[in-house]
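Each chain, written out:
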Amino acid sequence: QVQLVESGGGLVQAGGSLRLSCAASGRTFSRYAMGWFRQAPGKEREFVAAISWSGGNTDYTDSVKGRFTISRDNAKNTVYLQMNSLKPEDTAVYYCAARYSVLATLFYEYAYWGQGTQVTVSS
């Protein structure tokens, strides 16, 4: 069982940066692949980024490649999403998710979810 708590969201101007953090409980965090998803009002939840249990493999949706970086610190049971060059279309609730398996990009492949953190990018 893993419990996830996101933080770091907020209001930022277009072109700015934010770093989201997701703190996980449990002693086996290092065995979980982690993902970030987001959901804007009236839209479906979409994949943003994912990282393997070791941190050696990552994946990103095309719209954030080159702007967002996912990373993890297994010693701190934390996964991060560094978001640079933010755009108004990045506005959404961002969710952290975990799965006890390899990296994945579909939301239904993740068993554990945080409560979400709001990111708002003003133009």
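What you see is a predicted model, and the numbers here were worked out from it, not measured in a lab. (Residues numbered from 1 in each chain as written. Predicted model: local features only at pLDDT ≥ 70, side-chain atom pairs only at ≥ 80, totals over all residues. Heavy atoms only, no water.)

*Asks:* Tell me what's going on with the overall build of the protein, and back it up with residues and numbers.
*Replies:* Of regular secondary structure, the protein possesses 0 helices and 11 strands. Each helix (α) and strand (β) of the protein, taken in turn from the N terminus, gives the series β-β-β-β-β-β-β-β-β-β-β. Against the compact-globule benchmark of 14 Å for 123 residues, the protein has a radius of gyration of 13 Å, which places it among compact chains. Taken over the C-alpha atoms alone, the protein extends approximately 40 × 25 × 25 Å along its principal axes. Across the 123 residues in the protein, those meeting the buried criterion constitute 43%. (Helix = DSSP H or I, 4+ residues; strand = E, 2+ residues; numbered from the N terminus. Rg over C-alpha atoms; globule rule 2.2 N^0.38 Å. Buried < 20%, exposed > 50% of the residue type's maximum accessible area, 1.4 Å probe, protein only.)

*Asks:* Just give me the short version of unusual backbone geometry, but keep the residues and values in it.
*Replies:* Positive phi values are uncommon outside glycine, yet Asn77 reaches one of about 55°. Of note, Asn77 is situated in the loop between strand E7 (68-73) and strand E8 (78-83). The backbone of Ser85 shows a phi angle near 50°, a positive value even though the residue is not glycine. Tracing the backbone shows Ser85 in the loop between E8 and strand E9 (92-99). Given the relative accessible area of 41%, Ser85 is considered partly exposed.

*Asks:* How would you summarise the pattern of salt bridges if you had to cite specific residues and measurements?
*Replies:* Enumeration according to the criterion identifies 4 salt bridges in this entry. Arg38 is the partner of Glu46 in a salt bridge, and the nearest nitrogen-oxygen pair spans 2.6 Å. In this structure Arg38 comes out as buried when scored by relative accessible area, which is 4%. When salt bridges that share partners are traced, they join Arg38, Glu46, Arg67 and Asp90 into one network. (Salt bridge = Lys/Arg side-chain N within 4 Å of Asp/Glu carboxyl O.)

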